[in-house]
Amino acid sequence: MVVGSLRAKLRKELGDNEHEADWIIAHVTKMSQEEFIKNPRDITEEEYNEIMEITARRSMGEPLQYILGETEFMGLTFKVDDNVLIPRQDTETLVETVIKKIKDKNVRVLDIGTGSGCVGISIAKLCPNAEVTMLDYSEAVLDVAEENAKLNDVNVNLIKCDILEEIPEGKFDVIVSNPPYIETDTIFSLDNIVARYEPPEALDGGFDGLMFYQRIAELAPEIMDDNSFLAVEIGYNQAEAVTEILDEAEFSAIKVIEDPCENERVITAKYKSSLFSDLIP
Ligand SMILES: C[S@@+](CC[C@H](N)C(=O)[O-])C[C@H]1O[C@@H](n2cnc3c(N)ncnc32)[C@H](O)[C@@H]1O
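Just so we're clear, the structure is a prediction, and the values are computed from it rather than from any experiment.

**Q** Could you give me a rundown of the overall build of the chain, with the residues and numbers involved?
**A** Within the chain, the secondary structure is distributed over 12 helices and nine strands. Over its C-alpha trace the chain gives a radius of gyration of 21 Å, about what one expects of a compact globule, namely 19 Å for 281 residues. Taking the principal axes of its C-alpha atoms as reference, the chain extends roughly 70 × 40 × 35 Å. Going through the 281 residues of the chain one by one, you find that 39% of them count as buried. At a minimum sequence separation of 6, the contacts of the chain that also span at least 24 residues come to 65%.

Structure follows, in structure tokens:
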């Protein structure tokens, strides 16, 4: 079969996800999407069988990123498996906010709840003077993050730490986190792809979804210096509650940042900002 007719067949089978047809063909044939559109060739029987197997799994609802074992984030490639959350495009707003703030400064960055490592690794790649530490609670998750650090050729520190039980060692100029922020009841009552395929530990923010923001605020005196910078991703309706938590914990200059779809997506703040230590203006 020629690529062109296979493409049409897949698009039909994938319905709402028809845009993924090219991604599947490119992955299996190892040709870029541009290449196979410009120079279509015959698909081998082996390639055809693999493409059809992937399409069948995808049609059953399994996320394509888990089937292919990889995804793109901030223009970089990340390996994913079912231990880690699939990096979301929404989270690029968090990374871009931090990068804009630190640029080429020599800063110590801590990524809390690193998962695939997409946040910390993108910062390390795009801010080469930053010293990036990334933590997560599980060894299996950290293995994926380590593989991604190698794949993207960055040096980062990885630590196993249950942030709800332990205090990470050291002080940091920047704390960045896309923590679990969905209300427990919502996760387990959800009849959707996220709840079915992605690890609940990556989603569960406690009964009100705010448990990790509260914990980060509580840890601030231990892990942040006066004037350290905080950037956290938030759920679409959490800006007010998270602002309140940070305000009560001596954070200042609290800002809510919208993503390109105009959803409130990120909150930034300074810890105990003082006039005399403006490390990150
Ligand atoms: C929403 S996911 C974010 C993953 C990744 N940073 C991203 O943006 O795609 C939250 C992460 O927090 C981790 N996590 C959950 N509970 C934790 C805990 N108690 N201590 C440390 N990390 C935890 C999960 O394993 C998961 O990787």
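**Q** Describe the sheet that holds strand β3 (residues 108–112), with residues and values.
**A** Across the sheet, which stays open at both edges, the seven strands sit in the order β5-β4-β3-β6-β7-β9-β8 with mixed pairing between neighbours. A strand with exactly one partner marks an edge of an open sheet, and here the two such strands are β5 (157–160) and β8 (251–258). The sheet shows a mean angle of 20° between the axes of neighbouring strands, direction not considered. As paired elements, strand β7 (residues 224–233) and strand β9 (residues 264–271) share five bridges and run antiparallel to each other. Along β9, the bridge assignment pairs F229 with K270.

**Q** An account of the site of the ligand is requested, with residue identities and associated values reported.
**A** Neighbouring the ligand are 22 residues; G113, G115, Y137, I163 and N178 lie closest to it. Each residue belonging to the shell around the ligand can be placed in one class, and the counts come to 12 nonpolar, seven polar and three charged.

**Q** So what about the nonpolar core? Which residues, and what values?
**A** With 60 residues, the main nonpolar core has V109, I123, V174, I175, V176 and V232 as its most contacted residues. Dropping the residues within four chain positions of it, I123 is found in contact with V95, V98, I99, V109, A130, V132 and V176. In terms of nonpolar packing, the next biggest core, distinct from the first, is built from 11 residues, V3, A21, I24 and V28 among them.

**Q** Which residues make up the domain arrangement of the chain, and what values go with them?
**A** Examined at the domain level, the chain breaks down into domain 1 (3–60) and domain 2 (70–271). Taking the mean C-alpha position of each, domain 1 and domain 2 sit 34 Å from one another.

**Q** Hey, could you go over helix α12 (residues 239–248) for me, with residue numbers and the actual values?
**A** By the burial criterion, the buried members of α12 are V242, I245 and L246. In an axial view of α12, the angular spread of the buried residues amounts to 95°, which keeps them on one side of the axis. In this structure, α12 carries E240 and E248 as exposed residues pointing more than 90 degrees from its buried face. Along its buried surface, α12 packs onto α11 (211–223), β7, β8 and β9. Directly beyond the C-terminal end of α12, a positive phi value near 65° is found at E250.

**Q** I'd like to hear about the packing of α11 against α12, residue by residue, with values.
**A** Each pair of packed helices can be described by the angle between their axes along with the distance between the axes. In contact at an axis separation of 9 Å, α11 and α12 are set at 15° when each is read in the N-to-C sense. One finds that α11 runs roughly parallel with respect to α12. With respect to the hand of their crossing, α11 and α12 are arranged in right-handed fashion. Contacts between α11 and α12 pair Y213, Q214 and A217 from the former with V242, I245 and L246 from the latter. Of the residues contributing to the contact of α11 with α12, the split by class is five nonpolar, one polar and no charged.

**Q** I'd like a description of the environment of G4, backed by residues and values.
**A** In this fold, G4 is placed in helix α1 (residues 3–14). Distance from G4 to F36, taken between C-alpha atoms, is 8.5 Å for residues 32 residues apart in sequence.

**Q** For α11, give the residues involved together with the corresponding values.
**A** A rise of 1.5 Å per residue sets the reference length of α11, with its 13 residues, at 18 Å; its end C-alpha atoms lie 18 Å apart and thus fit the reference within 8%. Roughly 30° is the biggest bend found in α11, and it falls at A217, with proline P221 one to four residues downstream. Along α11, the residues classified as buried are F212, Y213, I216, A217 and A220. Against β3, β6 (172–177), β7, α12 and β9 lie the buried residues of α11.

**Q** Quick one: what's the story with unusual backbone geometry, residue by residue and with numbers?
**A** Of note, the phi angle at M74 is positive, near 50°, even though the residue is not glycine. Structurally, M74 can be placed in the loop between β1 (70–73) and β2 (76–79). Of note, E262 is a non-glycine position whose phi angle comes to about 65°, a positive value.

**Q** Provide a residue-level description of the pairing of β9, including the pertinent values.
**A** With respect to burial, β9 is a largely interior element, seven of its eight residues being buried. Two strands pair when backbone bridges link them, and β8 and β9 are joined in this way by six bridges, in the antiparallel orientation. Looking at β9, one finds that F251 is bridged to Y271. Between β8 and the antiparallel strand that follows it, β9, lie five residues; E262 among them carries a positive phi value of about 65°.

Reading the values: rules and limits
- Counting restarts for each chain: residues are numbered from 1 in the order of the written sequence.
- This being a predicted model, a pLDDT of at least 70 is required before a residue's local features are given, and a value of 80 or more before pairs of side-chain atoms are given or counted; all residues contribute to the totals for chains, interfaces and linings.
- To qualify as a helix, a DSSP run of H or I must reach at least 4 residues; to qualify as a strand, a run of E must reach at least 2; elements of each kind are numbered from the N terminus.
- Each radius of gyration is computed over the set of C-alpha atoms, and the globule rule expresses the reference value as 2.2 Å times the number of residues to the power 0.38.
- Whether a residue is buried, exposed or partly exposed follows from its count of other C-beta atoms within 10 Å of its own C-beta, namely 20 or more, 12 or fewer, or something in between, respectively; the C-beta atoms are built from the backbone.
- We call two residues in contact when their backbone-placed C-beta atoms lie within 7 Å.
- Strands were regarded as paired on the criterion that DSSP finds at least two bridges between them.
- Every axis corresponds to a line fitted to the C-alpha atoms, with the helix fit spanning only the stretch in contact, and the corresponding angles, defined between N-to-C directions, vary from 0 to 180 degrees.
- Contact assignment follows one rule, namely that a residue is near a molecule or strand if its backbone-placed C-beta atom lies within 6 Å of it.
- The nonpolar class holds Ala, Val, Leu, Ile, Met, Phe, Trp, Tyr, Cys and Pro. Asp, Glu, Lys and Arg form the charged class, and all remaining residues, Gly among them, are polar.
- Under the definition applied here, buried Ala, Val, Leu, Ile, Met, Phe, Trp, Tyr and Cys residues are grouped into a nonpolar core through C-beta atoms within 7 Å.
- Domain start and end points were adopted from an automatic or database domain assignment.
- Picture the helix axis, draw a direction to every C-beta atom, and the arc is the one those directions span.
- Angular relationships are summarised with four words: roughly parallel below 35 degrees, roughly antiparallel beyond 145, roughly perpendicular across 65 to 115, and oblique for the angles in between.
- By convention, the crossing between two helices is left-handed when the near helix turns anticlockwise from the far helix through less than a right angle, and right-handed when the turn is clockwise.
- To estimate how far a helix should reach, multiply one less than its number of residues by 1.5 Å.
- Note on bend: the value at a residue is the angle between axes fitted to the seven residues ending there and to the seven starting there.

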